[in-house]
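# Observations on the three-dimensional arrangement
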Amino acid sequence: MTDTATQELAPLKVEKPRNQWLDVWDQFKSHKGAMAGLIFLIFITLFCAFGPLLWNVDPGKLDVRNKDVRPIYMLLFDGEAKVNWANPMGTDNLGRDIMANIMQGGRISLAVGWTAMILAVLLGTLIGVLAGYFRRLDGLLMRFTDLVLSLPLLPLLLVMMLLFRDPLRATFGPENGIFILIVVGIGITSWMQTARIVRGDVMALKEREFVLAARSIGTPPRRMITRHILPNVMSPIMVSATLGLATAIITESALSFLGLGFPSDFPTWGKILFDSVDRMTAFPERVIWPGLAISLTVLAVNYIGDGLRDALDPRIRGL
Amino acid sequence: MKLKTALMGAVAGMILAPMAYADGHVGERGRDGNVNIIYWQAVSTMNPYLSGGTKEIEAASLVIEPLARYDAGGTLVPFLATEVPTIANGGVSEDLTTITWQLKPDLLWSDGTAVTAADVIFTWQYCTAEGGGCAQAAKFEGVESVEALDDLTIKITFEGPKPYPYNAFVGGQSPIIQAAQFADCLGPKAPECTDANFNPIGTGPFTVTNFLTNDVISLAANENYREPGKPAFATVNFKGGGDAASAGRSVLETGEFDYAWNLQLAPDVISAMMAGGQGEVLSAFGTNIERLEMNLTDPSPSLPEGERATVMHPHPFLTDGRVRKALSIAIDRQILVDVGYGPAGQPNCNLVPAPALYASDNTECLTQNIPGAIALLEEAGFMPGPDGIRVNADGVRLSVLFQTSTNAVRQDVQALIKADWEQIGVETELRNIDAGVFFGGDPGSPDTFQRFYADVEMYTNNFEGNDPQAYLAAYKCGNEPRPESQWQGENINRVCDAGYDAMIAEYAATSDPAARAALAIKMNDFLTKDNNIIVPLIYRGRVSARSNTLGGVELNSWDSELWNIADWYRISN
């Protein structure tokens, strides 16, 4: 019984440390809706970004002799339909190619959506973190948030148009000027939800032990926020970012639909929809395609947001 | 049992009798129930003296009436007057300085009091009162005095000879209002009399029962209307708001409404709606001209506010007549009509398209001439730059900001014109502005058509009646919108030409009809053919829709479309 335990120790199995983002990706993959949304978003982005390189048709080119061409699939229902392989999705009442317009329109709508979303999320995070972390700023910033929350977007944009359209047009040209105006307009009127959510999370985090520990070793507020607070509020920020993208696309469409915003010869999805409503019964495809593009993109983005929320939450991920 | 059958028979007979009666277009007042009218621009007041908008003038014409109106053929017919005064019947003096109107006897206001000459005089005082912004002041221009010779006779004295004396109290724009109701609403107090402005007491076939600003007006038949048995409708539901397409649909496709006003829609859209089979589209040609206005002043935003788009700064290239002409002849007007107007428009080169006597035989612009336009631009020194846009030796680029109101047809026309101008090396930036703002006349807004912060703009204008004197006189020096005039004024292009002003003066002093017509043609040609300051595009008809069950409608393009609503009736199926 003197012999020492010769029991062979099983070699300690050291698991290769897994990257946290791989876990997130694994969890994300398991969400079918989110995967479908991601695939669609990539597809529509590629379609709009690189489509015009392959489909080299000027979306603004008028060809009145070739107007009101139906989409090519109409041949299936009606052998007599006026179709033309040169315009697979048909042309509008002035003979502009609809496929080229949807690509060009998508570029603008998506660009407006992304830029306005980024602007809104940056603003919202900044204000939310400041309000949540520094008690002295809280009252002021949150009352300011309430104030902006009560501003109606449409009248505000009308006033902005009135005040800034000419100087912006002179500096950046007509299209870029309006682009900046609309992006800023949407951006500064949709950061409030993000700010409120972030503030709430920051306030809860601030009282946690690890923050207290970090503070006790003298971490300055700047480091505290960037090192400890921000990474922990990433998940609500990313979710509100996806929702923000959807809202921005819809707001831009609504503005274009109302006839505000971009010049009339500058297609966006909302504008194509607006121009087609009068002939909706005779040419349903002209409202269906841009309408589908808007709603599917928004739906896709919402699903991605849903999937991201699940994936970024460690409790759901099972850790 | 027999008694019951007999009674029922009697009851049925009593019900059927008036129905048979209603089939003829005469009968008792209010026999046809309700009529639904939709104006897609909503009405904000019932007082045409406080709003220059067509919609307000037309809504008011249901309630208040002038002494005489223009009928569908453009001739004057007496309404509150017994007859139209002329030199022949002694109503207009030989020296053309006075006109004497005779009111119909026994006219009653809707509140039961008598209409007298005092009401007519008051109407003039109301519109010319000190400190009031009367929208129809032009109607009373040159009127020195209005006096009553007796209770029913009114004499208007002009400052000088007035060859065309039918302005004051004629047409939908200057109806007679009741002195008793508006007595305390003179001058600056006019807009404060909300009750009177929304519910005017009138002589017309209907009276307002409920007025919701910018929404619905409910009206009921006027019990004191002068013609027995009229109007056939007991009530009117006058709905405002929406857009031209939905208004057209509500009459032509769904049949919810009986009459829809001003359907500026593309011809294929209208014909698709007609397939609904509920109604028909009416059109009538008056003097409406869809035109391009060329800005002769510089609208550049780099100029200080107050100097921008005023005569202090001439336009960098539109002051050159060759450039303006090139822009005009580069346009293919026939395609504009085919795409946007169909049977409701004709290509045109005249500012005064009708009556026939006054219309110039100006047809040069009807054929598109791209090589001619290019030659003109090169003659003016504009050569293609590296990006294809023409530039002159001083570096002035032919880049045009082209604005109009928001309307699907106008945006299509803008796109077509842009394509035409691209072919001659002119860059075009399009802008469209909400119609309410563009035509709103708000001196604080930079987007009104009067401010004209653009190089070219497109809209329609016309003149009432059949004499273009006031219309052509608008283009005189000093009548341009400018900061000092609160940006009001009708000389939109900021034209100033001594020769043209002399023609205006000569025109006002000429009374021979042939000489007047010749002068009007000369003035028309000065503005269009010779100088292309105004570039007419399309001679437009008024287009409205009526339900198949609405009878008696006679579309009038010289006066209010509702001018004969007292004669409308229901066609029973």
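Residues numbered from 1 in each chain as written. Chains lettered and ligands numbered in written order. Predicted model: local features only at pLDDT ≥ 70, side-chain atom pairs only at ≥ 80, totals over all residues.

### A short note on the overall build of chain B
- A tally of regular secondary structure across chain B gives 15 helices and 20 strands.
- Against the globule reference of 25 Å for 573 residues, chain B gives a C-alpha radius of gyration of 26 Å, in line with a compact fold.
- For chain B, the C-alpha atoms occupy an extent of roughly 100 × 55 × 45 Å along the three principal directions.
- Out of the 573 residues in chain B, the part that is buried amounts to 49%.
- Residue pairs at least 24 apart in sequence account for 67% of intrachain contacts in chain B once pairs closer than 6 positions are excluded. (Helix = DSSP H or I, 4+ residues; strand = E, 2+ residues; numbered from the N terminus. Rg over C-alpha atoms; globule rule 2.2 N^0.38 Å. Buried ≥ 20, exposed ≤ 12 C-beta atoms within 10 Å, placed from the backbone. Contact = placed C-beta atoms within 7 Å.)

### Brief notes about the overall build of chain A
- Within chain A, the secondary structure is distributed over 13 helices and zero strands.
- Taken from the N to the C terminus, the helices and strands of chain A come in the order α-α-α-α-α-α-α-α-α-α-α-α-α.
- For chain A, whose C-alpha radius of gyration is 26 Å, the value lies well above the compact-globule estimate of 20 Å for 319 residues.
- Expressed as lengths along the three principal axes of its C-alpha atoms, the size of chain A is roughly 100 × 60 × 30 Å.
- Burial status across chain A gives 37% buried among its 319 residues.
- Counting only contacts in chain A whose residues sit at least 6 apart along the sequence, the fraction spanning at least 24 positions is 72%.

### Some thoughts on helix 7 (residues 267–274) of chain B
All names here are of chain B.
- V269, I270, A272 and M273 are the residues of helix 7 that are buried. For helix 7, the angular spread of buried residues about the axis comes to 160 degrees, placing them on one side.
- The inward-facing, buried residues of helix 7 contact helix 6 (244–252) and strand 11 (279–294). (Arc of directions from axis to C-beta.)

### Some remarks on the interface of chain B and chain A
- On the side of chain A, 18 residues touch chain B, which itself brings 25 residues to the contact.
- The set of elements that each furnish at least two residues to the side of chain B that touches chain A consists of helix 7, helix 9 (333–340), helix 11 (408–423) and strand 16 (427–433) of chain B.
- No other element matches the eight residues that helix 11 of chain B contributes to the side of chain B that touches chain A.
- Looking at the side of chain B that touches chain A residue by residue, the classes come out as 14 nonpolar, five polar and six charged. (Nonpolar A, V, L, I, M, F, W, Y, C, P; charged D, E, K, R; others polar.)

### Overview of helix 9 (residues 209–216) of chain A
- By the criterion of burial, helix 9 of chain A is predominantly exposed, with just zero of the eight residues buried.
- Remark: G218 of chain A follows helix 9 of chain A within two positions and exhibits a positive phi of approximately 85 degrees.

### Notes on the packing of helix 9 of chain B against helix 11 of chain B
All names here are of chain B.
- Relative orientation of the contacting elements helix 9 and helix 11 amounts to 150 degrees, with a least axis distance of 10 Å. Considered as vectors, helix 9 and helix 11 are oriented roughly antiparallel to each other. The handedness of the crossing between helix 9 and helix 11 is right-handed. Of the residues in helix 11, those touching helix 9 at I335, L336, V339 and G340 are V409, D412, V413 and L416.
- The residue inventory of the contact of helix 9 with helix 11, partitioned by class, reads six nonpolar, one polar and one charged. (Axes fitted to C-alpha atoms, helices over the stretch in contact; angles between N-to-C directions. Parallel < 35°, antiparallel > 145°, perpendicular 65-115°, else oblique. Left-handed = near helix turned anticlockwise from the far one by under 90°.)

### Looking at the domain arrangement of chain B
All names here are of chain B.
- Considered domain by domain, chain B is made up of domain 1 (20–62 + 204–278 + 548–573), domain 2 (64–192) and domain 3 (285–541).
- In this structure, domain 1 and domain 3 have C-alpha centres spaced 34 Å apart.
- Tallying the contact residues gives eight residues for domain 1 and 15 residues for domain 3. (Domains from an automatic or database assignment.)

### Quick word on the sheet that holds strand 4 (residues 98–102) of chain B
Residue and element names in this part refer to chain B.
- Taken in spatial order, the three strands make up an open sheet running 4-6-5, and their pairing is antiparallel. Edge positions in the open sheet fall to strand 4 and strand 5 (143–150), since each of these has one partner strand only. For this sheet the average axis-to-axis angle between neighbouring strands, irrespective of direction, equals 20 degrees.
- The pairing of strand 4 with strand 6 (residues 153–158) spans five bridges and is classified as antiparallel. Within strand 6, the position partnered with T98 by the bridge is T157.
- Each of strand 5 and strand 6 is contacted by helix 3 (residues 117–128), which is oriented at about 170 degrees to strand 5, the strand it contacts most. (Pairing = 2+ DSSP bridges.)

### Notes on the nonpolar core
- Core analysis: the largest hydrophobic core is formed by 159 residues, its most contacted members being A260, L263 and A326 of chain B.
- Take this core: its biggest share by element is seven residues, from strand 18 (residues 534–547) of chain B.
- Once residues within four sequence positions are removed from consideration, A260 of chain B is found in contact with I38, A247, G248, S250, V251, S544 and A545 of chain B.
- The next biggest cluster of nonpolar side chains, apart from the first, holds 59 residues, and it includes V112, L181, V183 and A241 of chain A. (Core = buried A, V, L, I, M, F, W, Y, C linked by C-beta atoms within 7 Å.)

### Some words on the environment of F210 of chain A
- Relative to the elements of secondary structure, F210 of chain A occurs in helix 9.
- Separated by 42 residues in sequence, F210 of chain A and L168 of chain A have C-alpha atoms that sit 48 Å apart.

### Some words on the pairing of strand 16 of chain B
Residue and element names in this part refer to chain B.
- Within strand 16, five of the seven residues are buried, leaving the element largely enclosed by the surrounding structure.
- The pairing of strand 15 (residues 399–405) with strand 16 spans seven bridges and is parallel. Note that in strand 16 the partner of S399 across the bridge is E427.

### What about the pairing of strand 9 (residues 235–240) of chain B?
- As judged from the six bridges shared by strand 1 (residues 34–39) of chain B and strand 9 of chain B, these two strands associate in the parallel manner. Across the sheet, the residue bridging to Y39 of chain B is G240 of chain B, located in strand 9 of chain B.

### Digging into the environment of A284 of chain B
Residue and element names in this part refer to chain B.
- Turning to its location among the elements, A284 is positioned in strand 11.
- Linking A284 and A60, residues 224 residues apart in sequence, is a C-alpha distance of 21 Å.
- Aside from chain neighbours lying at most four places away, what touches A284 is A72, G541, R542, L555, N556 and S557.

### Focus: the confidence of the model for chain A
- Counting all residues, the mean pLDDT for chain A is 84, and 93% of those residues have values of 70 or more.
- Within chain A, the lowest mean pLDDT, 70, falls on helix 13 (residues 314–317) of chain A, and the highest, 92, falls on helix 8 (residues 192–206) of chain A. (pLDDT = per-residue confidence, 0-100.)

### With respect to the packing of helix 6 of chain B against helix 7 of chain B
Residues and elements named next belong to chain B.
- Close contact between helix 6 and helix 7 brings their axes to 9 Å; oriented N to C, the two are set at 25 degrees. What the angle tells us is that helix 6 and helix 7 run roughly parallel. Judged by the sense of rotation from one axis to the other, the crossing of helix 6 with helix 7 is right-handed. Every residue of helix 7 that contacts helix 6 at A245, G248, R249 and L252 is listed here: V269, I270, M273 and M274.
- Broken down by class, the residue content of the contact of helix 6 with helix 7 amounts to six nonpolar, one polar and one charged.

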